[in-house]
Structures are given as C-alpha cells and as structure tokens.
Amino acid sequence: MQRILPPPRSLGLFGIERTRAIEQRACAALPPHALMRRAGAAVARLALAVAPHASTIWIVCGPGNNGGDGLDAAIRLHELGKQVHVTLLGDPGHLPADARDAWERARAAGIAVDGSLAATPAAELAIDALLGIGATRPPRDALAEAIAHLNALACPVLAIDVPSGLNVDTGQPLGEHAVRARHTLSLLSLKPGLFTAAGRDHAGEVWFDDLGVDTGAEIPDAWLGGSPSDTPPPRRHAQHKGSFGDVAVVAGAPGMSGAALLAGRAALAAGAGRVYVDPLDDRAAGLDSQRPELMFRHGWWKSPEATLLAGTVVCGCGGGEAVREPLPRLLSAAGRLVLDADALNAIAADTSLQALLTARASRARPTVITPHPLEAARLLACTASQVQSDRLASAQALAERFGCVVLLKGSGSVIAAPGEVPCINPTGTAALATPGTGDVLAGWIGGLWSQLGASDAESALRAARAAAWQHGAAADADTARVLRASDLIEAMVRGR
C-alpha cells in the first residue's frame, strides 16, 4: 500500500472498463472470493493506520461488491477488538456472490448488520462502502441519505475504491450527492477521476493497494505524472546564453501589459537564454524596472521568417483584440509556438486561424495551447460544463482536432497530444487560482522549451508536462492560501 501524492513516478490510471477487465482476469486466476478478502484486509490495514485510536467504527455498505469489501473489512476490524457497526443498504439475498460470502462470514463472526440508518453510531471513523466504480446514476433514496450522513460526520471518512457518488472516469459527481472523504483507498487500479475535476476535493488523500495483481503490462487510460525528469539537462560549464534559445512574448494589449511582463519574467526564470517582450500596446514602456534583463522589441512579430522560425514564441497572454493582427504571421512562421488566453479566443472565432493552427503540425512546426475550460469550450464549440464533464476526453479531442499539445488547466491539469495517452498533472493547489498564474505557466513553458532546442511534438510535450509539474509544485511547497503570480515565479525558481 502506498500514499499516491506526490507520485514517486508516472503511474497508470485505469477507467471503469479497463479496471473491470483487470478484475475479471484476476478473479479467474485466484480461488473464489480471494480478491475481495484481499480488499477487506487492505481496507482494515489502512483504517488502523489513519485512525489508530478509533475504537468505534461505522461501516456503511451498499448492495454490490463495494459493500462486500466493507463487510470483509468489518470482520477483520472486529477480530482486532474494534467496535464495528455495519449498516447494509441492500437485500442480503440479492448480493453478488463475493459480497454474499462476506455477509455470511460477518454474521458468523457475531457482527450485527443493520439495514437502517435510524441508529447511526457515534463513530470515530466511518468507512464508505456504498457504491463502487460501477455506479452510473445519481444516488437516490437511502443511498443519498447515507451519503448525507457521512458528509455530516465530524470523524474521518475512509472511502473504499472511490467516494460514493463520484464518477471515477471523469472526477465529476454523478448528481447532488457524493461523499467527501478524508481518505480514499483505490483498490486493484488507480482511477483517473480521483485526480482531476472534483476528484481531489472528494477523494481527500489517495492511497493505493494493487491487491497483489500486476498491471504493469496494461495500457492505461491516462498517466498520473509528468515530472522534473522532463526538464532540460544540467548546463555544461562551457555553454553560454545563446545555448538556451530565444523566447519572444507577443502579448499585453492596452490595459493588460502586466500579462506580458509575467510571461516574460517566467520565461527568463525558467532558463531561456534571451527573452524579448513585444507589447501589443504601443504605449507600453520599453523597460521592466524589476527585470531589466527583459528586452523590449515593439513589432518583433514582423521579424524575418528565419528569426521567427528559430525562436520560441509565447502569444496571447492579455492579448485582447490586439492579438488578432500578429496571429496569422505567427501561426504561419513561428517555429515553436505557445498559445494562451486571447490568442485561443481569437482562433476559436476565426476558421481561417483554425486552419493555420491545424496546418502547423503537417509543416513540423509544433504548438502548445494552454486553455482553461471556457477557452477549451470555445475551441470545441461546446460549453465549459461539457468540457469539465470529461476533462480527459476534451483535452484529447483538442489535441487531435488541432494537431498540437494541449494543457487543459484546472484541478488535475490534463496534458494531451495526438496519438498519446493523456497525462494528469498531480501537483498544485487552489492557491494558484489568482490572476496571472496562467501567464506565468505559458511563459515557463516557453522558457523550458527554448532550452530543449528541438522543434518537434516530443519536445513540446516534455516542456508542457514539466512546466505543469513545476507550476503546481511551487503551490504545494508554499504555505500561502493565495499565491500571487509574481511571487509564483520566484517560488518556481526556488523549487527547481
């Protein structure tokens, strides 16, 4: 058993369909009921670890095998001297075979199994064994009432496999009622919904036990990872600033010049050799007094194509309507291109710009786009709620549609590329939900990418994964409730 966040390496994530297939193969290779008994033992071990002094434990079980896992855990905790109260919301006569076996053993052990929520005990630990990965409909009636009881408790709640009421493929609640657990023990496989959308809020601290089943040869639905290993290699002593590439930030429309400065400072801090800021506001000052290393070049985007091709361009941060003018040239001529914010909004509203973006991949000119959910929705001609309803699928759809690397921001940012298994970034907190942090991320991607040198999809993916990791890790390491964008840059420098 292991605590998952932060992950020690990239870990495979398996949705409902693949997890079912893994479970079926494992059950076929083991004696009857063996897998459920392993699950019950794992739940009991974690219960003792997270609440070692709890003497009274309430386990609320549903009508399926998730409930069976809870019943098996009850037997083991009872044997260890804990006062275990079990509520079973289902007809024992209709339980699946494994869960029925656990129910019979629980009764034989002298554990009282109640079928009503009327006498909820004053527990010091509660275990959610209501609904497993197979739940597809919003919990209703007694199940919804049980979830409300669990969410109202003062004691810790440990969810088995998934917080009941949460879709483990998407990380979204199935309806109004979903358990908010302090801990979740994911069994047999790790599920993507625990790490993106609302998953982190509902799952709490995620633990994993593979139940002795090796899934190393399985193709995952997603990866939990991306790591500092994707960053540029250590610098050699004889290298110079020209070794680390040039970044140009084309951004900062009137009233939004701070976005261009944040992106430029981030690119510089990430390690770019030289950073040019091309303000989209003709009245913008030609000097950043805090970072005089930044070089200002009004109209840089009109440079010869050889210059555009050789550099890394970050475009769109605070771009407003002004970003529409340079976009056609940058989409056509830039070598490495990072598109953010208003650049994405402009592309979403203009089919000719969409065609230019799509054509870049066939011309071996890689692109990274960094939309938040609403920007992604505009690009996909849908709503933000539709994007959020399946973040993995939305990010992959964008990657395939435009032939680029996509970093879909939000809780559990998703990094996707054409033909690749998507990745969920495991770092970050809500401290990043402040103005300008997206500008920092875009600039940091540009700064990392410029050092990699290559102009290909692989280097774009590496830069996006590494930047997302470092961006989130800075928030993980900072104790501030709110992390201001300018402070974020310095926190990222400290964390490298």
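This text goes with the structure placed above it.
Note that the coordinates shown come from a computational prediction; the quantities given were computed from them, not determined experimentally. (Residues numbered from 1 in each chain as written. Predicted model: local features only at pLDDT ≥ 70, side-chain atom pairs only at ≥ 80, totals over all residues. Heavy atoms only, no water.)

A. Representation of the pattern of salt bridges. Counting across every chain of the model gives 20 salt bridges. For the salt bridge of Arg-100 with Glu-104, the shortest nitrogen-to-oxygen distance reads 3.0 Å. Placement of both Arg-100 and Glu-104 in helix H4 (residues 97-108) is noted, with a separation of 4 residues, approximately one turn of the helix. For Arg-100, a relative accessible area of 29% gives the class partly exposed. A salt bridge links Asp-161 to Lys-191; the nearest nitrogen and oxygen atoms lie 2.6 Å apart. One end of the pair, Asp-161, is in the loop between strand E7 (157-160) and strand E8 (183-187); the other, Lys-191, is in the loop between E8 and helix H6 (199-203), with 30 residues separating them in the sequence. The same class applies to Asp-161 as to Lys-191, namely buried. Here the salt bridges do not stand alone but share partners, grouping Arg-37, Asp-72, Arg-76, Asp-101 and Arg-105 into one network. (Salt bridge = Lys/Arg side-chain N within 4 Å of Asp/Glu carboxyl O. Helix = DSSP H or I, 4+ residues; strand = E, 2+ residues; numbered from the N terminus. Buried < 20%, exposed > 50% of the residue type's maximum accessible area, 1.4 Å probe, protein only.)

B. Spotlight on the sheet that holds strand E17 (residues 405-408). Across the sheet, 11 strands lie side by side as E2-E10-E19-E18-E17-E16-E15-E14-E11-E12-E13; this open sheet has mixed pairing. Each of the sheet's edge strands pairs with one partner strand only, and the pair in question is strand E2 (11-13) and strand E13 (295-296). (Pairing = 2+ DSSP bridges.)

C. Geometry of the packing of helix H16 (residues 457-477) against helix H17 (residues 485-495). The interhelical angle for the contact between H16 and H17, taken along N-to-C directions, is 105°, at an axis separation of 8 Å. Between H16 and H17, the crossing angle belongs to the class labelled roughly perpendicular. Note on element contacts: H17 touches H16 through Leu-488, Ala-491 and Met-492, opposite Ala-467, Gln-470, His-471 and Ala-474. Its residues assigned to classes, the contact of H16 with H17 shows 5 nonpolar, 2 polar and no charged. (Axes fitted to C-alpha atoms, helices over the stretch in contact; angles between N-to-C directions. Parallel < 35°, antiparallel > 145°, perpendicular 65-115°, else oblique. Contact = heavy atoms within 4.5 Å. Nonpolar A, V, L, I, M, F, W, Y, C, P; charged D, E, K, R; others polar.)

D. Looking closely at the packing of helix H12 (residues 373-380) against helix H14 (residues 391-402). Remark: H12 packs on H14, axes separated minimally by 11 Å, with the N-to-C direction vectors making an angle of 50°. Comparing the axis directions of H12 and H14 gives the class oblique. As H12 packs across H14, the resulting crossing turns out to be left-handed. Here H12 contributes Pro-373, Ala-376, Leu-379 and Leu-380 to the contact with H14, which in turn contributes Arg-391, Ser-394, Ala-397, Leu-398 and Phe-402. Residue composition of the contact of H12 with H14, grouped by class: 7 nonpolar, 1 polar and 1 charged. (Left-handed = near helix turned anticlockwise from the far one by under 90°.)

E. Summary view of H4. For H4, built from 12 residues, the straight-helix expectation of 16 Å at 1.5 Å per residue is met to within 8% by its first-to-last C-alpha distance of 17 Å. Of the surrounding secondary structure, the elements contacted by the buried residues of H4 are helix H2 (34-50), helix H3 (65-79), strand E4 (83-88) and strand E5 (113-114). Following H4 by one or two positions, Gly-110 has its phi on the positive side, about 85°. (Expected span 1.5 Å × (residues − 1).)

F. Spatial organisation of the sheet that holds strand E6 (residues 125-129). A sheet is described by the order of its strands in space; here 8 strands give the open sequence E1-E9-E8-E7-E6-E3-E4-E5, paired in mixed fashion. On the outer flanks of this sheet lie strand E1 (2-3) and E5, each paired with one strand and no other. With 2 bridges connecting them, E4 and E5 associate as parallel partners. Bridging across to E5, Thr-87 finds its partner in Asp-114. Along the sheet, H2 contacts E6, E7, E8 and strand E9 (205-209); its crossing angle with E8, the most-contacted strand, is approximately 155°. Running at roughly 155° to strand E3 (residues 56-61), helix H5 (residues 141-152) makes contact with E3, E6 and E7 of the sheet.

G. Region of the structure containing the side chain of His-471. Locating His-471 in the fold gives a position in helix H16. A polar atom in the side chain of His-471 sits 3.0 Å from the backbone oxygen of Thr-437. Apart from residues no more than four positions distant in its own chain, His-471 is found in contact with Leu-432, Thr-437, Val-440, Leu-441, Leu-488 and Met-492. (Polar contact = N/O pair within 3.5 Å; in protein donor to acceptor, adjacent residues only side chain to side chain.)

H. Highlighting the pairing of E17. Where burial is concerned, the two faces of E17 agree: the one with Val-405 and Leu-407 and the one with Val-406 and Leu-408 are both buried. Here strand E16 (residues 367-369) pairs with E17 via 2 bridges, running parallel. Each bridged residue has a counterpart across the sheet, and for Ile-369 the counterpart in E17 is Val-406.

I. Up close: empty space enclosed by the protein. Tallying each qualifying case throughout the model produces 1 cavity of 30 Å³ or more. As for the largest cavity, its lining consists of Leu-357, Arg-360, Ala-361, Arg-365, Pro-366, Thr-367, Phe-402, Gly-403 and Cys-404. Each residue belonging to the lining of the largest cavity can be placed in one class, and the counts come to 5 nonpolar, 2 polar and 2 charged. (1 Å grid on protein atoms, 1.4 Å probe; cavity = no way out; pocket = protein on both sides within 12 Å on 5 of 7 lines; lining within 4 Å. Points joined across faces, edges and corners; volume = space filled by probe spheres on them.)

J. Structural view of the packing of aromatic side chains. On inspection of all chains with the given rule, the structure shows 0 aromatic pairs. For the cation-ring pair, Arg-235 lies above Phe-244, with the distance from its terminal atom to the ring centre recorded as 3.5 Å. (Phe/Tyr/Trp six-rings, centres within 6.5 Å; stacked < 30°, edge-to-face > 60°. Lys NZ or Arg CZ within 6 Å of the ring centre and 35° of its normal.)

K. Here's a closer look at the nonpolar core. With 56 residues, the main nonpolar core has Phe-195, Cys-315, Leu-327 and Leu-339 as its most contacted residues. Excluding anything up to four places from it in sequence, Phe-195 contacts Ile-4, Leu-5, Leu-13, Leu-190, Arg-200, Val-206, Leu-224, Ser-411, Gly-412 and Ile-424. Counting 49 residues, the second-largest nonpolar core is a separate cluster that includes Ala-267, Leu-441, Ala-460 and Ala-463. (Core = buried A, V, L, I, M, F, W, Y, C linked by side-chain atoms within 4.5 Å.)

L. Spotlight on the environment of Asp-390. Counting through the fold element by element, Asp-390 comes out in the loop between helix H13 (384-389) and H14. Residue class for Asp-390 comes out partly exposed when judged on its relative accessible area of 28%. Note: C-alpha distance between Asp-390 and Asp-169 (221 residues apart in sequence) is 7.9 Å.

M. Region of interest: the environment of His-149. Its place among the elements puts His-149 in helix H5. The spatial distance from the C-alpha of His-149 to the C-alpha of Leu-309 is 60 Å, given a sequence separation of 160 residues. If we skip the residues at most four places from it in the chain, His-149 touches Trp-58, Leu-117 and Thr-120.

N. Representation of the pairing of E9 in the model. Within E9, 4 of the 5 residues are buried, which leaves the element mostly enclosed by the surrounding structure. Two strands pair when backbone bridges link them, and E1 and E9 are joined in this way by 2 bridges, in the antiparallel orientation. Its bridge partner being in E9, Arg-3 is matched across the sheet by Trp-207. Relative to E9, E8 runs parallel, the two sharing 5 bridges. Across the sheet, residue Leu-185 finds its bridge partner in E9, namely Trp-207.

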